[in-house]
Every structure is written in structure tokens, then in C-alpha cells.
Amino acid sequence: MERPNYTGKPTVYLDHNILDFFIKFPNNALENEILDKYQVVYSDETLREVKRTGERGQQFLDLLRKLSAMHISIEISPSFDSTGKAIVKEIDPNTAYQSYIENLESVYESIIHSTSQSLLKFYGGRKESTLEQISNEQLDSFFSLMDHILEQATEIQDSHPSIHQAIISQVENFKRQYTGAQRESLRVMQEHETEDGAPTIQTLRDCTGLGPKQLNNITAPNVIEKIWSLHQVAPGYREYNFSIEQFLGISRTDFQHRDMHLHEKITACYNVLNVVGFHQDSNLKSEKRFTAATSDAGHAAIASFANHVFSNDSAFIKKTQAVYDYLGVTTKVTEVIINRAPS
């Protein structure tokens, strides 16, 4: 059965810093304007950040309820693959949070954490671990996710045997593809690993001669194309005759069973902008700061299904605008300038 399209007010996705502002300064003009003109949406990435706030978490859930916020998520096919579409649901934020904690958080956090660890090492973190150890952790985590999917699928084994068999087949396909991609990624990373333990990201920038100093002055339009034009002729890239899609990590590879969906391309492009140093988030070798940057990429991806996204984070705004412009995303990205009165 086809799901009906959302037809209410224009949707707006609020970055965590906007929600935090609303809590610290209740009944401000922006909050009242949003209540009047927009339908607020929030995601599992929002709930993930709520959990990290600890004791203040309930304040954020209460705020989302006050804003009549609706939950937005990626639609998953019967074979547990992303359809590339989003679903908007009316659900109490407290209920959504409990569902996230009880059903998704352990698996979701594990896969998010593990898949990001090689990038964290690239930024200079995880110095105690080898690339192979991290790769094995990623494989273990992914296989645990696949096992979780198979466990969930047993519920339809008797009622829908053909779908159940299709899920088993798809899971095996995912395992083969992921294993192949992991081993190839490990091989490439090991080729460029430095002996003195220097962060690979600095080695890359030293090789290309490009980093924040050269890139942060690039302005719209066509920011990503301009960044690529500099890297295309730089050492470390010109030897390989890459395409811009390969540079961004969004080209089809032998290990993929389909082309990437738009929200997946957004995550990839956002991360590449951090890697090359375009308005890079600070201190990414710190796991805490790295986790925050990972959340930003997740926010940018899911927010692309909304009409608007508001944020007070200038670096997030610039990277998201650049990615949306390159990929043709029509979501309007607005930087909210907060003028706090002196205390």
C-alpha cells in the first residue's frame, strides 16, 4: 500500500543548537514564528543527541512535544534496505525516544561507532589501534547488525515465507559486499599509512598543499566543483585521474548492490568536506568532537527531506549548503544568528 504524502505546513528540521537555544531562552520570537509557520520534524539523530545530553535530555523531549514535532525517518523496504524515501509520523517524542533506546540504540550506536573509527584514526585518533583491528571491529559490528535483522525477520517466517527468504538472501548479499568493500578499503588505507604515526589527514594535506587556509575562502555557487578543481591537479590526486564522484566517494563501485541514494551521498560529501578541510570541525582526533561531527553529517542527510533546516553552526551551514547545491537538494538552509544580550 502506497503511503500518503505529507501535505501540511512547510517542514523545518532544527539543529540541536537551535533546540538548546529554545530551552535556554523560552518563548523567543523565533520559536513563536516556527510554531506559527512550520511543522517541526526531528529524527533518530536528534534522539541520539538528546541521549548524549544526559540529565537535560527530558527538557529536549518536552520541547519537541511543545513544538508538536513529528518524527522523520528513512523508509526501509521489506528486505531491510533503504528506499531512498522518508516517512513522517505523528508520535510523542517521549515514545519515540523510548522506542529508540529499547529497539534501535544498541545496534544503531554500534554500527555508527564502528564504521566511523577508521575515519577517526585518519584524523589522528585511535593511536593505540591498527587499521586491521579497526577493520575487524567494523566487520563484527556489521555482522551483528545483519544477525539482528535476521532475528527480526523470523516474525514473518511463517506468514510471509517468500519475503523471509528474500531477506535471508539480501543479508547474505550485504555480508559479501561489505566484506569485500572493507578489505579493499583496508588495503588502500594501509598503502598510505605513515610509519611515524602522523595523522594521515595531515599527510594528505601536506602532499596536496591544500587545507583550510586555501579552501575556506571559497564561496558559493559551485563550492564543491571549485574545491575539486584544486584537488584535481594536486599531487596525490592528479596521478589517479579521479572523477569528481570518486573524489566525493559517491561513485558506484564493484562492492555495491545499487547506486547510492541521495541522503547517502549527502553523508559522504559532507565527510569529504571535513577531510579536505573546508570549514572543518575542530579537534576531530577527540572522540567526543568526532562524534558531534558525525551527528552533523547525519543531520544534513535526514534534513534534506525537509523544506527548511535551521542551525546556529556556521561550519555546518557552509558544508551543508555546499553539498545541497552540488547534489541539487532544494531544502533551504538558514543560519540563525543569535544575539544574546550581555549578562
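Higher on the page you've got the structure.
Rules used throughout
- Residues numbered from 1 in each chain as written.
- Predicted model: local features only at pLDDT ≥ 70, side-chain atom pairs only at ≥ 80, totals over all residues.
- Heavy atoms only, no water.
- Buried < 20%, exposed > 50% of the residue type's maximum accessible area, 1.4 Å probe, protein only.
- Helix = DSSP H or I, 4+ residues; strand = E, 2+ residues; numbered from the N terminus.
- Contact = heavy atoms within 4.5 Å.
- Phe/Tyr/Trp six-rings, centres within 6.5 Å; stacked < 30°, edge-to-face > 60°.
- Salt bridge = Lys/Arg side-chain N within 4 Å of Asp/Glu carboxyl O.
- Polar contact = N/O pair within 3.5 Å; in protein donor to acceptor, adjacent residues only side chain to side chain.
- Arc of directions from axis to C-beta.
- Pairing = 2+ DSSP bridges.
- Axes fitted to C-alpha atoms, helices over the stretch in contact; angles between N-to-C directions.
- Parallel < 35°, antiparallel > 145°, perpendicular 65-115°, else oblique.
- Left-handed = near helix turned anticlockwise from the far one by under 90°.
- Nonpolar A, V, L, I, M, F, W, Y, C, P; charged D, E, K, R; others polar.

S.K.: Explain helix α1 (residues 16–24) to me, please; I cannot follow it from the model alone.
M.R.: Spacing of three or four residues puts side chains on the same side of an α-helix, whose turn is 3.6 residues. Most of α1 is tucked away: 7 of the 9 residues are buried. The complete set of buried residues in α1 reads His 16, Ile 18, Leu 19, Asp 20, Phe 21, Phe 22 and Ile 23. The elements touched by buried residues of α1 are β1 (11–14), α2 (29–37), α3 (44–52), α4 (57–66) and β5 (308–311).

S.K.: Any chance you could explain the packing of aromatic side chains here in plain terms?
M.R.: Aromatic ring pairs are reported here in terms of the distance separating the ring centres and the angle at which the planes meet. Under the criterion given, the structure shown has 8 aromatic pairs. Geometrically, the ring pair formed by Trp 228 and Phe 247 is tilted, given 4.9 Å between the ring centres and 35° between the ring planes. In this pair, Trp 228 sits in helix α10 (residues 223–232) while Phe 247 sits in helix α11 (residues 244–248), placing the two residues 19 residues apart along the sequence. Side by side, Trp 228 and Phe 247 carry an identical accessibility label, which is buried. Aromatic ring contacts, followed pair by pair, group Trp 228, Tyr 237, Tyr 240, Phe 242 and Phe 247 into a single cluster.

S.K.: Would you take a moment to explain the pattern of salt bridges for this structure?
M.R.: Pairing between side chains becomes possible if they bear opposite charge and their charged atoms approach one another. In the structure shown here, the tally under the stated rule is 10 salt bridges. Linking Lys 175 and Glu 172 is a salt bridge whose minimum nitrogen-to-oxygen distance equals 3.9 Å. Of this pair, Lys 175 and Glu 172 both sit in helix α7 (residues 161–191), 3 residues apart, roughly one helical turn.

S.K.: Help me out: how do you make sense of the side chain of Ser 311 in this one?
M.R.: Mapping Ser 311 onto the fold places it in strand β5. A polar atom in the side chain of Ser 311 sits 2.7 Å from the side chain of Asp 15. Those residues in contact with Ser 311 that sit more than four places away from it in its chain are Asp 15, Asn 17, Ile 18, Phe 316, Ile 317, Thr 334, Glu 335 and Val 336.

S.K.: How should I be thinking about α4 in this particular structure?
M.R.: Those residues of α4 that fall on the buried side of the exposure criterion are Gly 57, Phe 60, Leu 61, Leu 63 and Leu 64. When α4 is viewed along its axis, its buried side chains cluster within an angular range of 160° and face the same direction. Residue Ser 68 follows α4 closely and has a positive phi angle near 55°.

S.K.: Teacher, can you tell me more about the sheet that holds β1 here?
M.R.: Whenever strands of a sheet pair, they do so through backbone hydrogen bonds, lying parallel or antiparallel. Taken in spatial order, the 6 strands make up an open sheet running β4-β3-β2-β1-β5-β6, and their pairing is mixed. The sheet is open, and its two borders are formed by β4 (82–89) and β6 (332–335), each paired with just one other strand. If you compare each strand with its neighbour and ignore which way they point, the axes differ by 35° on average. Sheet analysis places strand β2 (residues 39–42) next to strand β3 (residues 70–76), joined by 2 bridges and oriented parallel. Within β3, the residue paired with Val 41 across the bridge is Met 70.

S.K.: I tried to follow the pairing of β4 on my own but got confused; where do I start?
M.R.: Taken residue by residue, a regular strand's side chains alternate between the two faces of the sheet. Bridging between β3 and β4 involves 5 bridges; their strand directions are antiparallel. Bridge pairing links Ile 72 to Val 88 in β4.

S.K.: Would you take a moment to explain the packing of helix α12 (residues 262–276) against helix α14 (residues 314–327) for this structure?
M.R.: Running from N to C, α12 and α14 point in directions that differ by 130°, and their axes come no closer than 10 Å. One way to sum up the angle between α12 and α14 is to call them oblique. Relative to α14, α12 is oriented so that their crossing is right-handed. Each of Leu 262, Lys 265, Ile 266, Cys 269, Tyr 270, Leu 273 and Asn 274 in α12 lies in contact with α14, whose residues at this interface are Phe 316, Lys 319, Thr 320, Ala 322, Val 323, Tyr 324 and Leu 327. Here the contact of α12 with α14 is built from residues that sort into 10 nonpolar, 2 polar and 2 charged.

S.K.: Help me understand the packing of α10 against α14 in this model?
M.R.: The relative placement of two packed helices comes down to the angle between their axes together with the axis-to-axis distance. The interhelical angle for the contact between α10 and α14, taken along N-to-C directions, is 95°, at an axis separation of 7 Å. Our classification of the angle between α10 and α14 gives roughly perpendicular. Along the contact surface, α10 presents Val 223, Ile 224 and Glu 225, while α14 presents Ala 322, Val 323, Asp 325 and Tyr 326. Taken together, the residues of the contact of α10 with α14 break down into 5 nonpolar, no polar and 2 charged.

S.K.: Sorry, what's going on with the pairing of β3 here?
M.R.: Within β3, 5 of the 7 residues are buried, which leaves the element mostly enclosed by the surrounding structure. Where β3 folds back on β4, the antiparallel hairpin that results is connected by 5 residues, among which Phe 80 adopts a positive phi of roughly 65°.

S.K.: Hey, could you run me through the environment of Asp 296 in this one?
M.R.: Tracing the chain through its elements places Asp 296 in helix α13 (residues 287–303). Separated by 20 residues in the primary sequence, Asp 296 and Phe 316 place their C-alpha atoms 6.9 Å from one another.

S.K.: How should the side chain of Thr 208 be read in this particular structure?
M.R.: Here Thr 208 is to be found in helix α8 (residues 200–208). By relative accessible area, which is 9% here, Thr 208 ends up buried. In this structure the side chain of Thr 208 is engaged in a polar contact, spanning 3.4 Å, whose partner is the backbone oxygen of Arg 205. Those residues in contact with Thr 208, other than ones at most four positions away along the chain, are Ala 234, Pro 235 and Tyr 237.

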